[in-house]
Amino acid sequence: MVDRPFYVTTPIYYISGNPHLGHAYTSIAADVLTRFHRTRGRAFFLTGTDEHGQKVAQAAAAAGLTPQAWTDGLVDKWKALCARYDVAYDDFIRTTEPRHTDAVVKVFEQLKERGDVYLGKYEGWYCTSDETFWLEAKLIDGRCPNPECRREVQWLSEDNWFFALSKYRARLLAYYKEHPNWVRPERAYNEMLVTIETGLEDLCISRVNLDWGVPLPGGGVMYVWLDALLNYITALGWASNDEKFRAFWPANVQLIGKEIARFHTIIWPAVLWALELPAPDLVFAHGWMTVDGDKMSKSKGNVIDPFEIADRFGSDAVRYFLMREVPFGADFSISEEKVRMRHNGDLGNDLGNLVKRSLAMLARYREGKVPSTSSSAIGPRFSDLGERVAAHLQTLNFRDALEAAWELVSALNRAIDETKPWELHKAGSDEALDAILYDLCEGIRWLALLLAPFMPNKSLEIWRQLGLAGEPSGDWRAELRWGGLAAGTITQPAADPLFPRIDAGPA
């Protein structure tokens, strides 16, 4: 039986301004997962931009542009963010593309035919900033209840189309109880379950007083959130490319920020069921990136420029920091000082010096040629390391995966300090020297493979320094067998360190 291809998505990012590091965070996590799963078979990684809605229309008007011209001018910045962090997506969808808008209309018509969409009057409160309708009971001091927003809301009275969300409440409750791990982390699961238990109102899914959106038959445009959610199936060719769609849906992992969990874990599965489609296997609502305790956001003016920090530390170092700093799902604080400490410590002192010292000794004692050996003091201790790292990645435990890999980094550094290869050379202990030199080189080969999903550029540099062809992208189940590095391989150590030390900037 052929394994099902792996399909991972990020949210499509709302294009009302420039991207920040928080957007890169989700994309990097998806890229790490995809790179790992590509070593085991087919994988498909979707990202993109959400380009409709009142907020975009207002931003475009303020700039003196049409909404389409406004979004056309911004989308390249989002693609550039992916390129700067080596995020290798398979598809980048824009909600203004005909392949998406045409399919959105088909969804609407299908839901209407099945009785899940009906015409009604919406009277209530609307937050333009969040593009969200709110019940009066949910408002806080008469303002938007979203803690990131808290802006004023406006009263709307419109004849709109509604999706019969309340009809799916019982099925949602049953699904949550039968699939307790389909929403992670646990706090997100619990919050959404309480929301469902409290009761669900039918969802207004159109706007009649707005023309920047997907036009619906009979007038009005699709509500921006439903329009955006549908990208996950329209990009796969729903209703136009059945073979591709059947190959990849349902998604294995959908990554989102925790602030949009309600849309993805209550509205989204209900819409999918109305279309007679299965829900995704996992929706993971990760935590917020904070600066001095406040969530990073454009409105607060505390964003970290993702291009500037990558220029200062290198994209691989920032990728490493974001995946290593805290368990995925938790909020965490970021600063240049914290990134610098990881760069100089974990990456420079631990990994970088390991590679430099090991290959320098190989060059000095064996003319850069990997020796043969019949013994290993390190290999047997790490026979299950690939399986452990893989298990962590399959459950999105990025930090644990890196910490497991760093056990090998520490063991190799400790082996140098304990065996003292320079003394073995001086004493003429050739067999023992060959054994430790081989272990060091083979351990570094393992690290290049294990770290490739996290740090693709530096892992490739390590691979090249070992004198290996191709890329460190093979299937770990075959590659991570101690002794895989051929004796006689000619290494090519670089003159410059992998991670040059970076001093603190001016206070």
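Bear in mind the structure is a predicted one, so any value in this text is a computation, not a measurement.

Colleague: Pulling in residues and values, what's your account of the overall build of the protein chain?
Modeller: A count of helices and strands for the protein chain gives 19 helices and 16 strands. For 507 residues, the compact-globule estimate of 2.2 N^0.38 gives 23 Å, and the C-alpha radius of gyration of the protein chain, at 26 Å, lies within 12% of that figure. Referenced to the eigenvectors of the C-alpha coordinate spread, the extents of the protein chain come out at roughly 90 × 60 × 40 Å. Burial statistics for the protein chain: of 507 residues in total, 57% are counted as buried. Restricting to contacts in the protein chain with at least 6 residues of sequence separation, those with at least 24 account for 78%. Of the charged side chains in the protein chain, 56 are positive and 68 negative; the average position of the first set lies 2 Å away from that of the second.

Colleague: I'd like a rundown of the nonpolar core, residues and numbers included.
Modeller: Judged by nonpolar contacts, the single largest core of 92 residues is most densely connected at Leu21, Tyr85, Leu322, Met323, Ile334, Leu351 and Phe398. Sorting elements by how many residues they give to this core places helix 17 (residues 430–451) first, with 13 residues.

Colleague: I'd like to hear about the packing of helix 6 (residues 186–198) against helix 10 (residues 261–274), residue by residue, with values.
Modeller: Axes are the key here: two packed helices are described by the angle between their axes and the distance separating the axes. Their axes nearest at 10 Å, the elements helix 6 and helix 10 cross at an angle of 55 degrees. When the axes of helix 6 and helix 10 are compared, the pair comes out oblique. Here the hand of the crossing between helix 6 and helix 10 comes out right-handed. Of helix 10, the residues touching helix 6 (which contributes Met192, Thr195 and Ile196) are Ala261, Arg262, Thr265 and Ile266. Residues of the contact of helix 6 with helix 10, tallied by class, amount to 4 nonpolar, 2 polar and 1 charged.

Colleague: Can you break down unusual backbone geometry residue by residue, with the values?
Modeller: With an omega of -5 degrees, the peptide bond running from Arg184 to Pro185 counts as cis. Here the residue pair Trp249 and Pro250 is connected by a cis peptide bond, since its omega of 10 degrees sits within 30 degrees of zero. By the secondary structure assignment, Pro250 is in the loop between helix 9 (242–248) and strand 12 (253–257). With a phi angle near 70 degrees, Ala239 is a residue other than glycine that sits in the positive phi range. You can see Ala239 is positioned in the loop between helix 8 (231–234) and helix 9. Ala239 sits in the partly exposed class, given a relative accessible area of 40%. The backbone phi angle of Glu367 is positive, close to 55 degrees, even though this residue is not glycine. Tracing the backbone through its elements, the reader meets Glu367 in the loop between helix 13 (336–366) and helix 14 (385–394).

Colleague: Summarise the packing of aromatic side chains; cite the residues concerned and give the values.
Modeller: One pair of aromatic rings is described through two measures. These are the centre distance and the angle between the planes. For the structure shown, the criterion picks out 25 aromatic pairs. Ring plane angle 55 degrees and centroid distance 5.2 Å describe the contact between Phe36 and Trp476, whose orientation is recorded as tilted. Of the two residues, Phe36 sits in helix 1 (residues 21–38) while Trp476 sits in helix 19 (residues 476–479), which places them 440 residues apart along the sequence. In this pair, the class of Phe36 matches that of Trp476, namely buried. Site record: aromatic cluster; members linked through ring pairs are Tyr7, Phe44, Tyr232, Phe245, Phe248, Trp249 and Trp268. Across the ring face of Tyr126, the terminal group of Arg207 is positioned such that the distance to the ring centre comes to 4.5 Å.

Colleague: Report on the sheet that holds strand 7 (residues 154–163), specifying residues and quantitative values.
Modeller: Across a sheet, paired strands are connected by hydrogen bonds in the backbone, their directions being either parallel or antiparallel. Here we have 4 strands laid out as an open sheet, ordered 6-5-7-9, and antiparallel in their pairing. Two strands lie at the open edges of the sheet, namely strand 6 (132–134) and strand 9 (203–204), each paired on one side alone. As judged from the 10 bridges shared by strand 5 (residues 117–127) and strand 7, these two strands associate in the antiparallel manner. Of the residues in strand 7, the one forming a bridge with Val117 is Phe163.

Rules used in this analysis
- Residues numbered from 1 in each chain as written.
- Predicted model: local features only at pLDDT ≥ 70, side-chain atom pairs only at ≥ 80, totals over all residues.
- Heavy atoms only, no water.
- Helix = DSSP H or I, 4+ residues; strand = E, 2+ residues; numbered from the N terminus.
- Rg over C-alpha atoms; globule rule 2.2 N^0.38 Å.
- Buried < 20%, exposed > 50% of the residue type's maximum accessible area, 1.4 Å probe, protein only.
- Contact = heavy atoms within 4.5 Å.
- Lys, Arg positive; Asp, Glu negative; His and termini not counted.
- Charge placed at Lys NZ, Arg CZ, Asp CG, Glu CD.
- Core = buried A, V, L, I, M, F, W, Y, C linked by side-chain atoms within 4.5 Å.
- Axes fitted to C-alpha atoms, helices over the stretch in contact; angles between N-to-C directions.
- Parallel < 35°, antiparallel > 145°, perpendicular 65-115°, else oblique.
- Left-handed = near helix turned anticlockwise from the far one by under 90°.
- Nonpolar A, V, L, I, M, F, W, Y, C, P; charged D, E, K, R; others polar.
- Phe/Tyr/Trp six-rings, centres within 6.5 Å; stacked < 30°, edge-to-face > 60°.
- Lys NZ or Arg CZ within 6 Å of the ring centre and 35° of its normal.
- Pairing = 2+ DSSP bridges.

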